[in-house]
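Topology and contacts: notes
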Amino acid sequence: MRYRIDTVAAHAGRVQPGTSTPVTPPISLSSTFLQEAPGRYDTHAYARVGNPNRDALESTLALLEGGEHAAAFSSGCAAMHAALQLLAPGDHLVACGDIYGGTYRLIEQLVAPIGIRVTWVDMSDEPAVVAATTDATRMLWVETPTNPLLRIFDIASLSGVAHERNALCVVDNTFATPVLQRPLEHGADIVVHSMSKYLNGHSDVVAGALVCNDEVVADRLRFIQRAGGAVPSPFDCYMIARGIKTLPLRMARHCSSAGALAAWLRKQPAVEEVHYPGLPDHPQHALAASQMTGFGGMLSFVVAGGLEAASTLVRRVRLWSLAESLGGVESLVGQPALMSHASMPPEVREARGVRDGLIRLSVGLEDVDDLQDDLLQALSPR
Ligand SMILES: *Cc1c(COP(=O)(O)O)cnc(C)c1O
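This write-up is about the structure you can find in this document. Computed from a prediction, not measured in an experiment: that's the story for all the values here.

1. A closer look at the site of the ligand
Close contacts around the ligand come from 14 residues, with C77, D172, S194, S196 and K197 the closest. A distance of 2.7 Å separates a nitrogen atom of the ligand from a polar side-chain atom of D172. Computed on the free molecule, the ligand has an accessible area of 380 Å², of which 93% lies beneath the protein chains in the complex. For the shell around the ligand, the leading source of residues is helix α3 (residues 76–84), giving three residues.

2. Some details on the nonpolar core
Ranked by internal contacts, the top residues of the largest apolar core, which has 47 residues, are L84, L93, M123, W141 and L210. Element by element, the count of residues in this core is highest for α3, at six residues. Filtering out sequence-adjacent residues up to four positions away, W141 remains in contact with M80, A83, L84, L93, V94, A95, C96, I99, T103, M123, V170 and V192. Membership of the second largest hydrophobic core comes to 37 residues, among which are V8, A176, M251 and L326.

3. A closer look at the sheet that holds strand β1 (residues 69–73)
Paired through their backbone hydrogen bonds, the strands of a sheet run either parallel or antiparallel. Taken in spatial order, the seven strands of this open sheet run β1-β7-β6-β5-β4-β2-β3, and their pairing is mixed. For this open sheet the edge positions go to β1 and β3 (117–121), each flanked by a neighbour on one side alone. The average undirected angle you get between the axes of adjacent strands in this sheet is 20°. In this sheet, β3 lies alongside strand β2 (residues 92–96) in parallel orientation, the contact comprising five bridges. Note on β3: the bridge partner recorded for H92 is R117. Sitting on the sheet, helix α2 (residues 52–65) is in contact with β1, β6 (190–194) and β7 (208–212), with an inclination near 125° to β1. Of the strands in this sheet, β1, β2, β4 (137–143), β5 (168–172), β6 and β7 touch α3, which is tilted by about 40° from β7.

4. Looking at the environment of H81
Tracing the backbone through its elements, the reader meets H81 in helix α3. Residues H81 and T103, 22 residues apart in the sequence, show an inter-C-alpha distance of 9.0 Å. When near neighbours in sequence (up to four residues on either side) are disregarded, H81 contacts L106 and L110.

5. Section: the side chain of Q284
Here Q284 is to be found in the loop between β8 (271–275) and α11 (285–291). We classify Q284 as buried; its relative accessible area is 14%. For Q284, the side chain forms a polar contact with the main-chain nitrogen of I152, separated by 3.0 Å. The residues touching Q284, leaving out its near neighbours within four places in the chain, are S124, R151 and I152.

6. Focus: helix α12 (residues 306–316)
Those residues of α12 that sit buried are A310, S311, L313 and V314. Mapping the buried residues of α12 onto a view down its axis gives an arc of 160°, with all of them on the same face. Pointing more than 90 degrees away from the buried face of α12 are the exposed residues E308 and R315. Contacts made by the buried residues of α12 are with β9 (298–303), β10 (321–322), β11 (332–334), β12 (358–362) and α14 (368–379).

7. Here we look at the pattern of salt bridges
Under the counting rule described, the total for this entry stands at ten salt bridges. Measuring nitrogen to oxygen at the nearest pair gives 3.9 Å for the salt bridge that ties D98 to R151. Taken together, the residues span a long stretch of sequence, with D98 in the loop between β2 and α4 (101–111) and R151 in the loop between β4 and α6 (155–164) at a distance of 53 residues. The class for D98 is buried, based on a relative accessible area of 4%. Residue R151 is classed as partly exposed on the basis of its relative accessible area, which comes to 22%.

8. Section: unusual backbone geometry
Going from T144 to P145, the amide bond is cis rather than trans, its omega being -5°. With respect to the element layout, P145 can be found in the loop between β4 and α6. For the bond from N147 to P148, the omega torsion is 5°, close enough to zero to count as cis. For L150, which is not glycine, the phi torsion reads 55° and is therefore positive. Counting through the fold element by element, L150 comes out in the loop between β4 and α6. Of note in the backbone geometry, T177 takes a positive phi value of approximately 65° without being a glycine. Relative to the helices and strands, T177 resides in helix α7 (residues 177–180).

What counts, and where the lines are drawn
Residues numbered from 1 in each chain as written. Predicted model: local features only at pLDDT ≥ 70, side-chain atom pairs only at ≥ 80, totals over all residues. Heavy atoms only, no water. Near = heavy atom within 4 Å. Polar contact = N/O pair within 3.5 Å; in protein donor to acceptor, adjacent residues only side chain to side chain. Areas by Shrake-Rupley, 256 points an atom, 1.4 Å probe, with all protein chains shown as cover. Helix = DSSP H or I, 4+ residues; strand = E, 2+ residues; numbered from the N terminus. Core = buried A, V, L, I, M, F, W, Y, C linked by side-chain atoms within 4.5 Å. Buried < 20%, exposed > 50% of the residue type's maximum accessible area, 1.4 Å probe, protein only. Contact = heavy atoms within 4.5 Å. Pairing = 2+ DSSP bridges. Axes fitted to C-alpha atoms, helices over the stretch in contact; angles between N-to-C directions. Arc of directions from axis to C-beta. Salt bridge = Lys/Arg side-chain N within 4 Å of Asp/Glu carboxyl O.

Below you can see the structure in the form of structure tokens.
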């Protein structure tokens, strides 16, 4: 029986049913499991390789993304690093230019130095993506919506470009979550998540995940997960499964509040640009509407006056918390140029449209009028 996504989410993390199964799963903290005879055991031998809470979370993740296999990791970066370890020296990676700062750092400083060639390309320009691929291209790395400019890339057509070259198309689905976007259904091969964001949703766990359909790819990813050992604890898996139970409800609220704030910000004289895929004049609004079932809880805008004005605004807000990260119940504000994208050289940052006056919002679950009032007082001249 295939259940719909709200049902799958509500039952996140349930362990295998039996007559003595508690409805809420226990946290199985044991690092090791009894064996019947040497090398003979039921399901688990050692907790790095697998444990009940991680298994339950992984099956939920696969169901949520409409995939066959999932592997959980100790951070989004560890998950991304595992996916990138499918590449060998001499292979070529094509990655989207407008990308999470930590992904840029991982690819440039840990992946490129071992002999993997990397080409950064604007993935809204499909001919440029095709032109960037070579016979050595083994992977396309796509993030959509992007951070922090909320640009949208066409997963189906980019997957097609990858498959022409027998390359894998990897999509970072952290911003959208499977509630709003299911990349595997558009042809992607691997979905990446930082579960530290919306999936856990309460800003109290750092973890990541990969989901895919192909058995061979899945076996390799699982091998990297277990041999590399960057796995989340049973407690973290329990917490994430608990968070996922309310994911569809949370996403609905994140979307409606972000949409309302984006429309309101557009009308503020001190605001020069608003980036939100739900706005009808967003350059990829139609694509977003066809690829996603909602426009998400993230938006960014440029305040007039550059670095200084943006820094003043993020210090003046009271309800919005000045912090890295996103996707939690509480609203967060950040200045990418000085925070999430500080690891990018200024000229690279500027070339990618991350202007000094850019402010990124992770719209939380508070009353949207309170969030708006706070932005208004912070924007008002004094
Ligand atoms: C946070 C984030 C990551 C990295 O995840 P961590 O859990 O912080 O390691 C990767 N991609 C995106 C889009 C993110 O927002």
